Amino acid sequence: MKQVRDQVRSQVMGQVWDQVGVQVVVQDVVQVKGQVRAQVRAQVSDQVGDQVGDQVRDQVLDQTHNIN
Amino acid sequence: MLDKLNDEQVKGIEVCRDKWIKVGLQTGPVDRDAAIVAANKAYKCAGLEPPREVVFCSSPLDMDKKIREISNNEHNFLSSYGFANCWSGWVAFIDYFHTYTDVKNLEAFEGLRDLSYNCGFVSFFDTHVFISERPEYIKMDDTGRTHCENGPAIRYADGFEVHIWHGVRVPKSWITDGPDIDQALHNSNLELRRVASEIIGWAKILDHYQAEVIDEDADPQIGTLLRVNIPEVGEEYFLKVLCGTGRTFAIPVPEQDDEGKRINTALAANAWTYGIKPWEYKPEVRT
């Protein structure tokens, strides 16, 4: 059994990220991408990822770190 | 080419954000048929064959157990988690451009998008994909931090749970029984020490360490100024005060006010908490 996390997640996200990059005019990249990054990506991460995802992961770590 | 956002696109930012926060905080059982379709789509988007087997797990902890079993301990949850509905910040970012702009060639992300809609945590392997259920519930305080003062803030249906105090993960016993004062105040983690003090309440801690009264005002709402020596912390000053709701609080105050003048009365300490002078807080009637 081999991990395919890089292909399924990282490479796909990298590919679509590049598409956004090349299709948003360079001089306004900071404004448009920055606005969406700050108001969508960052807020979703702050309000959900930090509050739920990280806490659950750390709890699993605490309960399993002695197994191996 | 996209060079600026029109009014509709600007409005879409908030709509998109709220949608993805809702997706990330979604609770309750996953739709397993939809999850299988989404997983296969994610593999297809990555140019891979669909996984031979979809393994549903009752929680991330159960996922860890199943990954270890099937991989003969070669992998586990923490070494292999790849994705989760609650970690969809970047998917939300791409979804914004996909939904509200004419940026093209973003279809590849649709598999991950659909996984977010239909799964909890996901671990991807060539032959297997492991999909966790979402929590049974998530509790938060009024500022949006995960929090519950009388039980787990996050709980899965199989009993896996996380105890959290205003966004800080704490031992279960701190919520069920309360922290032990001596142990809590000697915790090497400063944030946990702060949280423990908050859970216990400074009023109890001051009683425990037999704080010395410096000044006691006749009005309990102005309070009592106390000095206490806390092991490994040192000498600290507190104002113990009765609030309008009938509860007693202890508020840390400095030894000196903002002008460097020693705070030696409860009135001066209380006034300091409001950023005003003692005579502004309680005007004296002079004849």
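All figures in this text were calculated on a predicted structure; none of them were measured in a lab.

Draft legend 1. Structural context of empty space enclosed by the protein. In the structure shown here, the tally under the stated rule is one cavity of 30 Å³ or more. Of the voids in this model, the largest cavity is the one considered here, and its volume is about 40 Å³. If you go around the largest cavity, the residues you meet are Val52(A), Gly24(B), Gln26(B), Asn85(B), Cys86(B), Gly120(B), Phe121(B), Arg134(B), Pro135(B), Ile138(B) and Tyr156(B). Grouping the amino acids of the lining of the largest cavity by side-chain chemistry returns six nonpolar, four polar and one charged.

Draft legend 2. Geometry of helix H1 (residues 5-23) of chain A. All names here are of chain A. The first and last C-alpha atoms of H1 sit 27 Å apart over 19 residues, in line with the 27 Å expected at 1.5 Å per residue. If you look at H1, its biggest bend is around 25 degrees, right at Gln11. Listed in full, the buried residues belonging to H1 are Val8, Val12, Met13, Val16, Val20 and Gln23.

Draft legend 3. Up close: the sheet that holds strand S1 (residues 53-57) of chain B. Residue and element names in this part refer to chain B. Taken in spatial order, the four strands of this open sheet run S1-S4-S3-S2, and their pairing is mixed. The two strands at the open ends of the sheet, each matched to only one other strand, are S1 and strand S2 (81-84). Here the strands of the sheet are splayed against their neighbours by 25 degrees on average, with no regard to which way each runs. As defined by bridge partners, strand S3 (residues 121-124) adjoins strand S4 (residues 128-132) across three bridges and the pair is classed as antiparallel. Paired with Val122 across the two strands is Ile131, which belongs to S4. Strand contacts of helix H3 (residues 60-70): S1, S3 and S4, with the helix running at about 160 degrees to S4, the strand carrying the most contacts.

Cut-offs used in this document
Along each chain, numbering runs from 1 in the same order as the chain's sequence is written. Chains and ligands are labelled by the order in which they are written, letters from A for the one and numbers from 1 for the other. Residues qualify for local features only when their pLDDT is at least 70, as the model is predicted, and side-chain atom pairs are given and counted only at 80 or more; totals for whole chains, interfaces and linings, by contrast, use all residues. By convention in this description, side-chain values take in all heavy atoms of the structure and omit both hydrogens and water. Buried and open spaces are told apart on a 1 Å grid over the protein atoms alone, a cavity being a set of points where a 1.4 Å probe fits but cannot get out and a pocket being an open set with protein on both sides within 12 Å along at least five of seven lines. Residues with an atom within 4 Å of a point are the lining residues. Grid points are joined across faces, edges and corners, and a volume is the space filled by probe spheres set on the points. Put simply, Ala, Val, Leu, Ile, Met, Phe, Trp, Tyr, Cys and Pro go in the nonpolar bin, Asp, Glu, Lys and Arg in the charged bin, and everything else, Gly too, in the polar bin. For the purposes of this entry, the term helix denotes a DSSP run of H or I that reaches at least four residues, the term strand denotes a run of E that reaches at least two, and both are numbered from the N terminus. Helices are assigned an expected span. That span is 1.5 Å times one less than the residue count. Working definition for bend: take the seven residues up to and ending at a residue and the seven starting at it, fit an axis to each, and measure the angle between the axes. Buried, partly exposed and exposed residues are distinguished by accessible area as a fraction of the type maximum, computed with a 1.4 Å probe on protein chains only: under 20%, between the cut-offs, and over 50%, respectively. Strand pairing is defined by DSSP finding a minimum of two bridges between the two strands. Note on method: axes are straight lines fitted to C-alpha atoms, helices fitted across the in-contact stretch only, with angles between N-to-C directions ranging 0 to 180 degrees. We call two residues contacting when some pair of their heavy atoms lies within 4.5 Å.

Nothing here speaks to function; it is all geometry.
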